[in-house]
Amino acid sequence: MVTSDACDWGADCLSHAPSSRIGRQKIKRDTESSNAMWGGRFAEGPAAVMREINASIPFDKRLWRQDLRASRAHAAMLAKQGIIGTEDAAAIDAGLEAVGADYAAHGVPEDLALEDIHMLTEARLAEKIGTVAGRLHTARSRNDQVATDFRLWVRDAIDQVAMALGGLQDALIARAEDHADSVMPGFTHLQSAQPVTLGHHLMAYHEMIARDRRRFADARARLNECPLGAAALAGTGFPIDRHATAAALGFDRPTRNSLDSVSDRDFALDYLMAATQCALHLSRLAEEFINWASQPFGFVALSDQWSTGSSIMPQKRNPDAAELVRGHSGRIAGCMMALTMTMKGLPLAYSKDMQDDKPPVFEAHDLLGLSIAAMTGMVRSATFRTDRMRALAESGFATATDLADWLVREGGLPFREAHHVTGRAVKLAEAQGVRLDQLDIGSLRAIDSRIDERVYAVLSVDASVASRTSFGGTAPVRVREAIAAAKAARAGEEA
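Sequence order sets the numbering: in each chain, residues are counted from 1 along the sequence as written. Selection of residues for local features in this predicted model requires a pLDDT of at least 70, selection of side-chain atom pairs for listing and counting requires 80 or more, and totals for whole chains, interfaces and linings are taken over all residues. Based on all heavy atoms of the structure, the side-chain values leave hydrogens and waters out of the count.

*Asks:* Please explain the overall build of the protein as it appears in this structure.
*Replies:* Secondary structure is summarised from DSSP: a helix means a run of H or I of at least four residues, a strand means a run of E of at least two, and numbering begins at the N terminus for each. Counting its secondary structure elements, the protein contains 21 helices and 6 strands. Only protein chains enter the area calculation, which uses a 1.4 Å probe; residues under 20% of their type maximum are buried, those over 50% are exposed, and those in between are partly exposed. Residue burial in the protein is summarised as follows: out of 495 residues, 45% are buried. We call two residues in contact when some of their heavy atoms are within 4.5 Å. Look at the contacts in the protein between residues 6 or more apart in sequence, and 74% of them connect residues 24 or more apart. In short, Shrake-Rupley with a 1.4 Å probe defines the accessible areas, and a residue's cover is counted only from the protein chains shown. Per element, the accessible surface of the protein, about 24,500 Å² overall, is 55% carbon and sulfur.

*Asks:* Which parts of the structure should I look at to understand the confidence of the model for the protein?
*Replies:* Low pLDDT marks stretches whose predicted atomic positions should not be read closely. The quantity called pLDDT is the predictor's confidence in a given residue, expressed from 0 to 100. Model confidence for the protein is summarised by a mean pLDDT of 89, while 89% of its residues fall at 70 or above. In the predicted structure, residues 1–19 sits below a pLDDT of 50 and forms 4 contacts with residues beyond four places in sequence or in another chain. Confidence over residues 31–37 falls short of pLDDT 50; this stretch has 0 contacts with residues more than four positions distant or in other chains.

*Asks:* Where do I start with the side chain of H201 in this structure?
*Replies:* Among the secondary structure elements, H201 is positioned in helix α9 (residues 198–223). Among the polar contacts made by the side chain of H201, one reaches the side chain of E288 at a distance of 2.9 Å. Once residues lying within four places of it in the same chain are set aside, the contact partners of H201 are M184, E288 and W292. Any N or O atom pair separated by 3.5 Å or less is treated as a polar contact, with the protein-specific requirement of one donor-capable and one acceptor-capable atom, and with residues adjacent in sequence counted only for side-chain atom pairs.

*Asks:* How should I be thinking about the environment of A246 in this particular structure?
*Replies:* By the secondary structure assignment, A246 is in helix α10 (residues 242–248). Separated by 172 residues in the primary sequence, A246 and H74 place their C-alpha atoms 9.6 Å from one another. Apart from residues lying up to four places away in sequence, A246 is in contact with C226, F251, R253 and P254.

*Asks:* Looking at this model, I keep getting lost on the environment of M119. Mind explaining?
*Replies:* Locating M119 in the fold gives a position in helix α7 (residues 117–129). Remark: the alpha-carbon pair of M119 and I57, spanning 62 residues in sequence, is separated by 9.3 Å. Once residues lying within four places of it in the same chain are set aside, the contact partners of M119 are L114 and R142.

*Asks:* I keep staring at the pairing of strand β1 (residues 183–188) and nothing clicks. Help me out?
*Replies:* Two faces, one strand: in a regular strand the side chains alternate between the faces of the sheet. Pairing between β1 and strand β2 (residues 191–197): 6 bridges, direction antiparallel. If you follow V183 over to β2, its bridge partner there is T197. A pair of strands is treated as paired once DSSP finds two or more bridges between them.

In structure tokens:
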């Protein structure tokens, strides 16, 4: 018997199935058409499909430097442990160096029959030194080999990102120092809120990037254990020295469990999660530049290097680079989700799904590098229109909170009452079309008799920003302190 669900599914299928000769001819035509779509590429049929789906060399060839480095360390350890002869180890080392020279000069060939960078390199090594090349794979598997290579690659990628982000920090610090006193409107809900300085605003992004660098550093510290020697999944019976290979490759220690060693991709996910957070910060900075470059804001003029014209409207200067950075953040987040879903539910130890671990990491790394470079260039070359920023800061009643605070300090009002009084003052200024500091004292005293001439000392935007002296505040003196601390931190990193 079949279940009702199976019956329903089957009946549905049968109701659409052609039973006549015409129907059978249609199936034949559809099949031939389908075959024609991929037949040129996969003329051999399933064998060709399997060869292509199984091969990772088109993307894992990027690991060639790491693969050679790990292989040379492995061969040296095998010789030191007496597992292979010293002459064989020397031949292997020289051969691997020669293979690397070929790759550097001519690129890595994509031989799908050899599947991946590991098999390709072993084949190229055999061409150079003969059968002794076969000794290299003693006491290791492609499982621990790729885990080691990939960790090395991600570690190198983190170092590249850290350096690039350091350059962005330097650019933000330099421009913040230029504008430690430059007044601009601070926003909440994209509404004018309180005046701040442009230097303070830029240093906010410096703080975000500093956190990103710490996230990458944390990821690097966690990944810095060496899987080499875990072999396929259970370790090896050869008397290898895993601590020696770990030290030779710059790892802190070998990994502790052979099953986890070959199946772990936490380090790749850590990288992608840090990259995603960093991309979100870059996207926020890009959005600032997009808004600021628009005519309603008019806060910044972007360099021609980081903007494009219109094909039909000659007056346009489009912030394309910033928009692409904003868009790249979505792709990077997508890469993180792709690997997360690949790893979800995989049993120990290695599964072929894990071959798809590298493309999202490679893609995210490339996009992140472009985004960092673009934002660094934009920050360095932007022309900030501080006169426009000041004018808008002065026009949005941004010092209303300063009036309320003055009423609390000098008039003894509870803040909620001061808030109501200030609201009436804002309404009056709005009706008269003037700034708060342009209301005459008589009008202010008519609202509340406790207001006196001293209030004008806090109603200008300059007085407002200067008063925000709490730690981390926007007062120029605090901004310069933050800049000095950031410079000292960067100098310590470079030392």
